Structure formats: C-alpha cells, structure tokens
Amino acid sequence: QIKTQTISLTERITLELAYLDNNLWMDKLEVTNEQFELFDPAHDSGLEYGDYIQFSPGERGWSLARPRQPVVRVSWRAATDFCRWLSAKTGRRFRLPTEAEWEYACRAGTTTPFWYGTLDTDFSRYANLSDRTHQAIDPFGWAGRTEVIPPWRPADTRFDDHARVSTTVGSYAANPWGFYDMHGNVAEWTSSACGPDRMVVRGGSWYDPPARCQSDSRQSYRTEQGVYDVGFRVVCEIDRNGRTSETGRP
C-alpha cells in the first residue's frame with residue numbers, strides 16, 4: 001500500500017506526497033503553476049510557440065501557463081528558493097531531490113528503461129513524450145501550412161499520447177510507488193551538479209522522444225537558466241507521524 005500525505009498550501013491548493021524511503025517523501029506530481037505562483041506571483045511559464053507566422057493570438061501557440069500545468073521557465077536557483085519558501089511556510093524541510101533519489105523514485109523497483117517497459121512499449125497511457133501529435137504541424141485552420149512546413153520534430157510516431165505540450169499534472173498513470181510524470185511532461189531539476197554552475201535535469205519532457213526520457217537519461221543546464229520544458233518536484237524529510245527529519249536519505 002502506498003503511503004501518502006497531503007499538505008495544504010491554501011484552502012484550495014495542496015501538495016501531495018508519497019513515501020519513498022527512510023523518512024523521505026516525494027511530491028507525487030510536478031510543481032504546478034498555481035503552486036509556484038504562491039511563491040512568485042509574477043512568474044509566467046509562457047507559450048510554446050507555433051510553427052508558422054502568427055497572425056492572431058489564437059495562432060501564437062500553446063499555453064504552458066495554465067494553473068495545473070507544471071511550472072516551466074524556472075531556473076534551478078528559483079526552484080531552490082521555492083523550496084526554502086515552502087519550508088518556511090510549512091515548518092517542514094523541503095528541497096530538490098538528488099539524482100539518485102529521483103531515479104530511485106522513477107524506477108519504483110523496476111529494471112527496464114522505463115518503469116512501464118521498453119522503447120517499444122506504447123507509452124500513450126503512461127507518459128507525455130514526443131509522439132505523433134507533437135510532431136504534427138498545427139494548421140490553426142490554414143490547411144496550406146501543412147504543405148509548406150513538413151513535420152520536423154524528433155518523435156516516436158508509432159504512438160500518440162494526444163498532448164501537444166505539457167498537460168495537467170497526473171494526467172497519465174502513476175508508477176507502482178504512486179509518482180506521476182516521472183517520464184516526460186516536463187524535465188525536472190535535481191540538486192546534483194554537473195560541472196561548474198550546471199545542475200542535472202532528469203526525466204525528459206513532452207518535447208523529447210522516448211530515448212531521451214529513460215530512467216537513466218540526464219541533461220544539464222546553467223543554474224540561472226529558465227528552460228521552456230524544465231520544471232521540478234520537491235522532496236520532504238518527515239517521519240510517518242509528520243515530524244520534520246533533519247537527516248535521512250534513501
């Protein structure tokens with residue numbers, strides 16, 4: 001049975017945690033725009049722009065800023081500042097996961113490239129990756145655009161998760177330990193460094209084909225860089241009775 005805890009941030013907005021190991025709990029979901037905006041009301045995750053001349057607001061692209069979409073264009077430093085704010089607000093110790101913690105949660109006891117299978121597994125029920133929908137050119141009502149611009153995004157077009165960009169967190173199946181969107185949707189900052197002033201990102205995003213979203217896939221970005229498809233989730237060190245733990249690692 002999966003152990004969970006719910007932490008209220010407002011009357012309406014909560015943080016859902018699942019037990020990982022050794023007094024460590026992890027956010028079941030990627031941090032959302034509405035959660036992050038409690039910390040930084042001015043933040044805007046923006047748009048993923050379309051492929052062609054944008055004549056009207058409806059043709060500009062696809063929103064990444066809906067309340068329950070994962071927050072993006074947030075730097076590693078801003079993500080760690082959010083953890084400090086969250087710790088002060090709740091009285092519990094929040095931080096970004098290490099690479100090892102993140103992968104441990106992602107694999108959930110499995111040894112396959114994805115918790116749900118291999119590169120040949122139909123991921124449509126499990127993850128938001130670069131697929132048939134993502135590769136397609138959206139004509140926005142102008143059919144000639146698909147004739148002018150050929151599909152160009154790297155994608156596994158055998159499968160279709162029906163998402164153009166990031167989706168509402170938790171839209172796909174959870175892994176065996178109760179964590180959602182560990183593969184795809186948005187990539188996630190960790191607390192592990194990768195060279196001077198660069199931090200590791202795990203999980204891949206809706207923009208990445210499956211090969212870049214495996215349990216051991218990794219990228220890195222500068223600590224001050226806000227990336228269009230990178231967000232994060234948090235971990236919290238609390239015991240089963242809800243008390244803060246100052247130690248403990250899986």
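Refer to the structure above for everything that follows.
The text that follows walks through the structure, step by step, so that each part is easy to find.

Conventions adopted
Residues numbered from 1 in each chain as written. Predicted model: local features only at pLDDT ≥ 70, side-chain atom pairs only at ≥ 80, totals over all residues. Heavy atoms only, no water. Helix = DSSP H or I, 4+ residues; strand = E, 2+ residues; numbered from the N terminus. Rg over C-alpha atoms; globule rule 2.2 N^0.38 Å. Buried < 20%, exposed > 50% of the residue type's maximum accessible area, 1.4 Å probe, protein only. Pairing = 2+ DSSP bridges. Disulfide = S-S within 2.5 Å. Contact = heavy atoms within 4.5 Å.

1. Remarks on the overall build of the protein chain
Part 1: A count of helical and extended segments in the protein chain gives five helices and eleven strands.
Part 2: For 250 residues, the compact-globule estimate of 2.2 N^0.38 gives 18 Å, and the protein chain sits close to it at 18 Å.
Part 3: C-alpha extents for the protein chain along the principal axes are approximately 60 × 40 × 40 Å.
Part 4: Within the span of the protein chain, comprising 250 residues, buried residues form 53% of the whole.

2. So, the sheet that holds strand S11 (residues 235-237)
Part 1: On the basis of which strands lie adjacent, the open sheet formed by five strands has the order S1-S2-S3-S11-S6 and antiparallel pairing. Edge positions in the open sheet fall to strand S1 (4-8) and strand S6 (94-95), since each of these has one partner strand only.
Part 2: Both strand S3 (residues 24-27) and S11 contribute to a ladder of three bridges, which runs antiparallel. Its bridge partner lying in S11, Leu24 is registered against Glu237.

3. Quick word on the state of the cysteines
Part 1: On inspection of all chains with the given rule, the structure shows zero disulfides.
Part 2: Just so you know, Cys194 is unpaired, no disulfide at all, and the nearest cysteine sulfur is the one on Cys213, 18 Å from it.
Part 3: Unpaired in this structure, Cys236 has its nearest cysteine sulfur neighbour in Cys83, at a distance of 10.0 Å.

4. Some details on the environment of Tyr228
Part 1: Position of Tyr228 among the secondary structure elements: in the loop between strand S9 (218-222) and strand S10 (230-231).
Part 2: For the pair Tyr228 and Val72, spaced 156 residues apart in the sequence, the C-alpha separation amounts to 5.7 Å.
Part 3: In this view, Tyr228 contacts Glu48, Leu64, Val72, Arg73, Trp206 and Tyr207; residues no more than four positions away in its chain are not counted.

5. Topic: the sheet that holds strand S8 (residues 198-202)
Part 1: Across the sheet, which stays open at both edges, the four strands sit in the order S9-S8-S7-S10 with mixed pairing between neighbours. At either end of the open sheet lies a strand with only one pairing partner, and these are S9 and S10.
Part 2: In this sheet, S9 lies alongside S8 in antiparallel orientation, the contact comprising five bridges. Within S9, the residue paired with Val200 across the bridge is Ser220.

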